Amino acid sequence: MKLLSHLSTEYDYDKFYRIMDKFFSSIQLYTERFLTHRRKVRARKLERQKRSGVVMDWVKSFLWAAMVVLLVNQYFFQAYQIPSGSMMNTLLIKDRIFVNKFCYGPDLVPGLWTLPGLKSPERGDIIIFESPSYISHGPVFDVTQRILYMVTLSLVDLDRDSAGEPKAHFLIKRAVGTGGDRLRFVDGNLEIRPAGVSEWIREADFSHINREPAKTRRLVNEDDYSLFRTYGYASAYYEAGLYVESSVREKLRQMDDIYVDPLACSEFKYEMRCAIDPSDSACRRAWCKSTQGWYIPEGYMMPLGENRDNSRDGRYFGPVRKDKVLGQAMFIYWPAGRSGQIR
């Protein structure tokens with residue numbers, strides 16, 4: 001009995017040892033697999049962190065560069081693209097220029113709270129200002145649009161019309177009239193009467209006196225102003241219900257083949273309307289403005305395009321307040337062949 005008991009005990013111990021050996025072997029195997037898996041997970045995690053670190057470095061670099069460009073554009077020099085030919089030949093369509101915003105005082109926030117500048121706009125400066133006829137989409141859109149426009153150096157413009165063309169949010173013109181001046185146009189040619197002067201001075205002569213040659217460009221033939229007068233008088237007759245002779249109507253067919261000065265036509269129409277009905281106060285005021293000239297109040301400037309017959313400027317919306325001027329055109333940077341200082 002003792003022998004059997006001894007053999008049975010030895011057998012049980014041997015079986016126990018085998019079981020325990022398998023148990024510890026399994027623990028070792030699963031532990032190794034777990035550690036290997038964890039090491040691979042950590043390696044993949046480190047690799048992702050390394051890749052994301054490179055991406056974040058690029059993102060941070062871009063954001064930093066964008067911030068620098070934004071600050072420079074907002075407070076010192078803003079990039080601007082010329083949208084039209086109203087300033088030909090000083091500035092051509094799609095010229096890219098830098099505008100000096102520091103000289104007149106930049107906005108603390110785009111469109112809000114202007115900081116004091118080094119000087120005020122002066123006669124002869126090429127200035128940039130917000131179009132008085134521009135309809136805002138709201139402060140959030142305006143600020144976002146101006147930030148993107150500045151950060152991308154005028155390459156991205158969210159503010160477009162239904163045809164996909166950039167809206168005329170900002171205008172760029174030459175400051176011709178200043179506080180105290182009177183300005184009028186005679187056959188499309190500008191005449192100036194500064195404060196304290198009794199006589200009208202043609203722009204060419206006035207520019208010569210101020211040692212700044214006029215750079216205006218005309219598309220209308222001065223010989224056609226007699227035809228514009230006829231058209232204006234005929235329009236006044238038609239609006240008053242009066243008869244217009246067939247010979248006059250036939251003559252006016254020439255208007256289809258020439259470049260027309262619509263402002264001059266309107267002035268001649270108001271002149272005749274006043275002659276037909278002197279009690280019409282609206283027509284009388286409009287005609288007096290054409291004969292007596294626009295008066296420029298103190299603190300205002302009259303901006304005019306140099307391509308006079310193809311420019312929507314102060315003749316349509318009036319003088320602009322000096323504190324609404326955003327900057328002075330300074331330098332053409334593109335195209336490279338036209339790069340240089342703007343005068």
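This text gives an overview of the structure that appears in the document.

What counts and how
- Counting starts from 1 at the beginning of each chain's written sequence and moves along it residue by residue.
- Reporting of local features is limited, given that this is a predicted model, to residues whose pLDDT is at least 70; pairs of side-chain atoms are given and counted only at 80 or more, and all residues count toward the totals for whole chains, interfaces and linings.
- To obtain the side-chain values, all non-hydrogen atoms of the structure were included, while hydrogens and water were left out.
- By definition here, a salt bridge exists when the distance from a side-chain nitrogen of Lys or Arg to a carboxyl oxygen of Asp or Glu is within 4 Å.
- A helix here means a DSSP run of H or I that spans at least four residues, while a strand means a run of E at least two residues long, and both kinds are numbered starting from the N terminus.
- Buried, partly exposed and exposed residues are distinguished by accessible area as a fraction of the type maximum, computed with a 1.4 Å probe on protein chains only: under 20%, between the cut-offs, and over 50%, respectively.
- Geometry is summarised by axes, namely lines fitted to C-alpha atoms with helices restricted to the contacting stretch, and by angles between N-to-C directions that run from 0 to 180 degrees.
- Working definition: roughly parallel below 35 degrees, roughly antiparallel above 145 degrees, roughly perpendicular at 65 to 115 degrees, and oblique for all remaining angles.
- Handedness of a helix crossing follows the sense of rotation of the near helix relative to the far helix, less than a right angle counterclockwise being left-handed and clockwise being right-handed.
- Two residues qualify as a contact provided that any one of their heavy atoms is within 4.5 Å of a heavy atom in the partner residue.
- Note: two strands are recorded as paired if DSSP finds a minimum of 2 bridges between them.
- Patch definition: residues above 30% relative accessible area lacking any salt bridge, with like charges linked at up to 9 Å and the nonpolar side chains Val, Leu, Ile, Met, Phe, Trp and Tyr linked at up to 5 Å.
- Exposure was quantified through the Shrake-Rupley algorithm and a 1.4 Å probe, taking into account, for residues, occlusion by the shown protein chains and nothing else.
- Each Phe, Tyr or Trp ring (for Trp, its six-membered ring) is paired with any other whose centre lies within 6.5 Å, and the angle between the two planes then decides the class: stacked below 30 degrees, edge-to-face above 60, tilted in between.

## A word on the pattern of salt bridges
And then number 1: Taken as a whole and judged by the stated rule, the model has 13 salt bridges.
And then number 2: The salt bridge involving R174 is made with E306; its shortest N-O contact spans 2.3 Å. Of this pair, R174 sits in strand 6 (residues 170-178) while E306 sits in the loop between strand 11 (300-304) and helix 8 (314-317), and the two are 132 residues apart along the sequence.
And then number 3: Relative accessible area serves as the criterion here: at 13%, R174 is assigned to the buried category.
And then number 4: With a relative accessible area of 3%, E306 lands in the buried category.
And then number 5: E239 is the salt-bridge partner of R273, the closest N and O atoms lying 2.4 Å from each other. Here the residue R273 occupies a position in helix 6 (residues 262-276), and E239 occupies one in helix 4 (residues 225-239), the gap between them amounting to 34 residues.
And then number 6: Exposure remark for E239: the relative accessible area of 44% places this residue in the partly exposed category.
And then number 7: One network of salt bridges, in which partners are shared, links E239, K269, R273 and D280.

## Some details on the packing of helix 6 against helix 7 (residues 281-292)
And then number 1: Between helix 6 and helix 7, the shortest axis-to-axis distance is 8 Å and the interhelical angle comes to 130 degrees. Between helix 6 and helix 7, the crossing angle belongs to the class labelled oblique. Crossing of helix 6 over helix 7 shows left-handed handedness. Together, E267, Y270, E271, R273 and C274 of helix 6 and C283, R284, A286, W287 and S290 of helix 7 make up the contact between the two elements.

## Focus: the sheet that holds strand 8 (residues 189-193)
And then number 1: Strand order in the open sheet formed by four strands is 9-8-7-10, with antiparallel pairing between adjacent strands. Looking at which strands have only one partner, the edges of the open sheet turn out to be strand 9 (201-202) and strand 10 (294-295).
And then number 2: Pairing of strand 8 with strand 9 involves two bridges; the strand directions are antiparallel. Note that in strand 9 the partner of I192 across the bridge is I201.

## Considerations on the pairing of strand 2 (residues 96-100)
For a regular strand, side chains alternate in direction, first toward one face of the sheet and then toward the other.
And then number 1: The buried fraction of strand 2 amounts to four of the five residues, a majority that puts the element mostly inside the structure.
And then number 2: Sheet topology places strand 1 (residues 77-81) next to strand 2; five bridges connect them, and they run antiparallel. Residue pairing in the sheet places Y80 in a bridge with I97 of strand 2.
And then number 3: The pairing of strand 2 with strand 13 (residues 325-334) spans five bridges and is antiparallel. Paired with I97 across the strands is I332, a residue of strand 13.

## Observations concerning the environment of V320
And then number 1: With respect to the helices, strands and loops of the structure, V320 is situated in strand 12 (residues 320-321).
And then number 2: By relative accessible area, which is 8% here, V320 ends up buried.
And then number 3: Taking the C-alpha atoms as reference points, V320 and M302, separated by 18 residues in sequence, lie 6.3 Å from one another.
And then number 4: Sequence-distant contacts of V320, that is, excluding residues within four places in its chain, are made with F129, G299, Y300, M301 and P303.

## Remarks on a nonpolar patch on the surface
And then number 1: On the surface, W64, V68, V72, F76, F77, F102, L118, M330 and F331 cluster together into a nonpolar patch covering about 870 Å² of accessible area.
And then number 2: The set of elements that each furnish at least two residues to the nonpolar patch consists of helix 1 (2-75) and strand 13.
And then number 3: The element that contributes the greatest number of residues to the nonpolar patch is helix 1, accounting for three residues.

## Comments concerning the packing of aromatic side chains
And then number 1: Counted according to the given criterion, the structure contains five aromatic pairs.
And then number 2: Relative to W294, the ring of F185 has its centre 6.1 Å away and its plane inclined at 80 degrees; by these criteria the two rings are edge-to-face. Of this pair, F185 sits in strand 7 (residues 182-186) while W294 sits in strand 10; the two residues are 109 residues apart in sequence, bridging distant segments of the chain. Side by side, F185 and W294 carry an identical accessibility label, which is buried.
And then number 3: Taking the centre distance of 5.0 Å and the plane angle of 80 degrees together, the rings of Y225 and F228 count as edge-to-face. Here F228 and Y225 lie together in helix 4, a separation of three residues that amounts to about one turn.
And then number 4: Since its relative accessible area comes to 2%, Y225 is described here as buried.
And then number 5: For F228, a relative accessible area of 0% puts it in the buried group.

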